[in-house]
Amino acid sequence: MTADELGRFDAVIVGAGAGGLCVAIEAAAGGARVLVLDKRPEIGGMLHVANGEVSGAGTRRQAAHGIADTPEEHFADVMRLSHGKADERLAWRSVRAQGETVDWLESLGFDFDPATPGLVHGHEVYSTPRTYWGVELGRSVLAVLRRRLDELVRAGAVTVALGVRVDGAVLEGGRVAGVTGARADGGEVVAYGDAVVLASGGYDANLHLRNRFLPPGCEDALIACLDHATGDGLTLAEELGADVSGDGHFIPVMGLIPDPGRPGFAVDYREAFVEVAPAYRTPHEIWVNRDGERFVAEDTTSPEHRERRLLRQPGLAMHVVWDRAIAEAAEPLIRNGTGDWTRERMLSECESGRWIVAAGSIEELAGRLGVDPGGLAATVRRYNEAVAAGHDPEHGRTVLPAPIAAPPFYGLTSVAASLLSRDGLRVDGDLAVLDRAGAPIPGLYAVGEVLGNNVFAGDNYVGGMSVTPAMTLGRELGRALAARRTGRGAALAGGLTVRRLPE
Ligand SMILES: Cc1cc2nc3c(=O)[nH]c(=O)nc-3n(C[C@H](O)[C@H](O)[C@H](O)COP(=O)(O)OP(=O)(O)OC[C@H]3O[C@@H](n4cnc5c(N)ncnc54)[C@H](O)[C@@H]3O)c2cc1C
């Protein structure tokens, strides 16, 4: 079958997530002819599910709220929260311009949540409110990018081809000169470009690839991202000789619930997750491991502390245990992004058996959760003594509202989850992909999660430091590609070869 030729462009961008869209917008605004390819039927990538929290210092919005902040202070926080393990060069390059990205979103009509800029307690907290999110979370970011992209498409500056999975690179000598792809119906396509930008996101939905990068013992981590994140760009670049980091960092997201209908995946957190941050909900329950033992003070205010404690538990699993009186008194344990988990809904969920198990005794509950019954009974007894004494000698929990005393008893299993890729392609200051000898692979660039989040967050989560670098460095790359365009994409010399992704 002959491939359908999509054309010759200054830049061919693989992936229409936050990173790829920003490259496309700035490159096209700067005069480049741009092709965007995405294997999904719609643009947006992870923005469809992400919280879309972006961070930036020195913004107009901070000034309007009387908040003094600078990129230097933001960068100091990034290095503090990442334990000095973020890539200073790339992280600073992004951070210094992230405030401008936030102002740009505002100029595009971004629908800020009125509570922003704010401090976010789901990860370790910045020293200054410099995190922003939209009323529709990640989809608010997508809404403004889509609007701007559509203008450029209408102006003929950008072509978007959806439902095309890029599966190979066209090489002209040692230079990447285009890509091959397959449509959902099996049809083949080819497109040529002066620059090929891998903005194809992470690998977390590809268990084989993810477990290659996770430290040993973390294989049970749930997948908490969309299933497009299969690491195609990383694999393709590796086929071309690219160097890939392998730092072995992993820190999980807590509170996600295994999806009974999709083994290995978490229930979409927009539907349900367990609220573990005491800043957002007073904990009334206990958390135990498979031995029935508590492993952390459930009211710890440090997300990193509880996440690292969970990493040490067998199967990365924790079981939340409570009773009827707690269910009636406490704020709903389960939350989601839209805030529709009321106490009544929570009580009815306790009975439905979807994710929560109920039992007439602690031992029976333990059996149903797969937890050691003797261990759990002893833990509940000691916890109830701690509540009565107002003092938790084992873990130092200070919030001890009520004992777990009377049936029915309830339990819910939550497993540590991975939602973004920690490792990725190594790039130089121009975002050119580096080969294993440290030299740029001509014609090949990368931006966004395909670089791995370690670059911007080290071994931790740092607020907004995935979406915002994807956008900020994506915009810089787009401007640079427009400025450097040579027309080579339109004038290939011939002698082309194709390097395909392995099946
Ligand atoms: C639940 C959740 C919440 C999050 N919240 C935040 C947050 O609040 N703040 C933050 O900073 N980060 C957050 N993140 C992470 C952040 O959303 C992502 O790291 C970021 O959006 C990635 O952008 P990207 O453009 O690099 O990749 P993506 O958005 O993943 O886009 C990649 C695109 O490439 C396409 N693609 C992949 N392979 C191919 C191929 N072979 N051919 C063609 N197309 C291909 C995909 O279909 C996809 O559309 C969150 C992630 C999740 C899962």
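Residues numbered from 1 in each chain as written. Predicted model: local features only at pLDDT ≥ 70, side-chain atom pairs only at ≥ 80, totals over all residues. Heavy atoms only, no water.

**Side note on the packing of helix α11 (residues 362–369) against helix α12 (residues 373–389)**
Going by this rule: In this description, a line fitted to the C-alpha atoms serves as the axis of each element, helices being fitted only across the stretch in contact, and the angle between N-to-C directions of two axes falls anywhere from 0 to 180 degrees. Each helix is a run of DSSP H or I of at least 4 residues and each strand a run of E of at least 2, with the numbering of both proceeding from the N terminus. Roughly parallel means an angle under 35 degrees; roughly antiparallel, over 145; roughly perpendicular, 65 to 115; everything else is oblique. Here is the rule for handedness: rotate from the far helix to the near one, and if that takes an anticlockwise turn smaller than a right angle the crossing is left-handed, while a clockwise turn gives right-handed. In this analysis, two residues are considered to be in contact whenever any of their non-hydrogen atoms come within 4.5 Å of each other.
Between α11 and α12, whose axes approach to 8 Å, the crossing angle comes to 130 degrees. One way to sum up the angle between α11 and α12 is to call them oblique. In terms of crossing hand, the pair formed by α11 and α12 is right-handed. Contacts between α11 and α12 involve Ile362, Glu363 and Ala366 on the former and, on the latter, Pro373, Leu376, Ala377 and Val380.

**What about the site of the ligand?**
As a reminder, the rule being used: Throughout this document, a residue counts as near a molecule or strand when at least one of its heavy atoms sits within 4 Å of that molecule or strand. N or O atoms closer than or at 3.5 Å make up a polar contact, with two conditions inside protein: a donor-capable atom paired with an acceptor-capable one, and, for residues adjacent in sequence, both atoms drawn from side chains. Values of accessible area rely on a 1.4 Å probe in the Shrake-Rupley scheme; residue burial ignores everything except the protein chains shown.
By nearness alone, 36 residues border the ligand, and Asp38, Asp232, Glu449, Ser466 and Val467 come closest of all. Histidine 228 has a polar side-chain atom sitting 2.8 Å from an oxygen atom of the ligand. Alone, the ligand offers 1,000 Å² of accessible surface; in the complex the protein occludes 97% of this. Mapped by element, the contributors of at least two residues to the shell around the ligand are α1 (18–29), β2 (34–38) and β6 (164–172). When residues of the shell around the ligand are assigned to their parent elements, the largest contribution, three residues, is made by β6.

**Things to note about the side chain of threonine 472**
The topology assignment puts threonine 472 in helix α14 (residues 467–484). Beyond its immediate chain neighbours, meaning those up to four positions away, threonine 472 contacts Ser94, Ala97, Gln98 and Thr101.

**Some remarks on the environment of glutamate 73**
Note on placement: glutamate 73 falls in helix α3 (residues 71–81). For glutamate 73 and glycine 463, which are 390 residues apart along the polypeptide, the C-alpha to C-alpha distance reads 14 Å.

**Notes on the packing of aromatic side chains**
Inclusion rule: Within 6.5 Å between ring centres, the rings of Phe, Tyr and Trp (the latter by its six-membered ring) count as paired, and their orientation is classed by plane angle as stacked under 30 degrees, edge-to-face over 60, tilted in between. For the exposure calls, accessible area comes from a 1.4 Å probe over protein chains only, and a residue counts as buried if that area is under 20% of its type's maximum, exposed if over 50%, partly exposed in between. Two conditions define a charge located above a ring, namely a distance within 6 Å from the ring centre to NZ of Lys or CZ of Arg, and an angle within 35 degrees of the ring normal.
This model, assessed by the stated rule, comprises seven aromatic pairs. Seen from their ring centres, tyrosine 203 and phenylalanine 213 are 4.7 Å apart, and the 25 degrees between their planes marks the pair as stacked. Placement of the pair is tyrosine 203 in the loop between β8 (188–198) and α6 (207–213) and phenylalanine 213 in helix α6, with a sequence separation of 10 residues. A single burial state applies to tyrosine 203 and to phenylalanine 213, both of which are buried. On the numbers, 6.3 Å between centres and 45 degrees between planes, the contact of tryptophan 341 with tryptophan 355 is tilted. Within this pair, whereas tryptophan 341 is found in the loop between β13 (334–335) and α10 (343–352), its partner tryptophan 355 is found in the loop between α10 and β14 (356–359), the two being separated by 14 residues in sequence. Within the aromatic cluster, the residues linked to one another by ring pairs are Phe110, Phe112 and Tyr132. Over the ring of phenylalanine 265 we find arginine 262, and its NZ or CZ is 3.9 Å from the ring centre. Directly above the ring of tyrosine 461 sits arginine 422, whose terminal nitrogen or CZ lies 5.3 Å from the centroid.

**Thoughts on the pattern of salt bridges**
To keep it simple, the criterion reads: Here, a salt bridge means any Lys or Arg side-chain nitrogen found within 4 Å of an Asp or Glu carboxyl oxygen.
A complete count under the given rule lists 36 salt bridges for this structure. The partner of glutamate 26 in a salt bridge is arginine 475, with the nearest N and O atoms 2.9 Å apart. Of this pair, glutamate 26 sits in helix α1 while arginine 475 sits in helix α14, and the two are 449 residues apart along the sequence. Note on glutamate 26: relative accessible area 11%, which makes it buried. With its nearest N and O atoms 3.1 Å apart, the salt bridge here joins arginine 426 to aspartate 243. Taken together, the residues arginine 426 in the loop between β16 (417–418) and β17 (432–434) and aspartate 243 in the loop between α7 (232–239) and β10 (273–274) connect sequence positions 183 residues apart.

**What about unusual backbone geometry?**
The step from threonine 116 to proline 117 runs through a cis peptide bond, and the omega angle for that step is 5 degrees. You can see proline 117 is positioned in the loop between α4 (88–107) and β4 (131–132). The step from proline 407 to proline 408 runs through a cis peptide bond, and the omega angle for that step is 0 degrees. In this fold, proline 408 is placed in the loop between α12 and β15 (409–415).

**Some words on the domain arrangement of the protein**
The condition is simple: The domain limits used here are those given by an automatic or database domain assignment. The buried area of a pairing is the accessible area, by a 1.4 Å probe, that goes missing from both parts when the two are put together, added over both.
Domains assigned within the protein are domain 1 (4–244 + 421–497) and domain 2 (273–415). Each partner contributes to the interface: domain 1 provides 15 residues, whereas domain 2 provides 14 residues. Between domain 1 and domain 2, the buried area comes to about 1,000 Å², and carbon and sulfur atoms account for 54% of it. Considering only the surface of domain 1 that becomes buried against domain 2, His121, Glu124 and Asp220 emerge as the three largest contributors, covering 41% of it. The interface formed by domain 1 and domain 2 includes one salt bridge. Across the pair aspartate 459 and arginine 308 runs a salt bridge whose closest N-O atoms are separated by 3.8 Å. Summed over the shared surface of domain 1 and domain 2, the result is six residue pairs in polar contact (both at pLDDT 80 or more).

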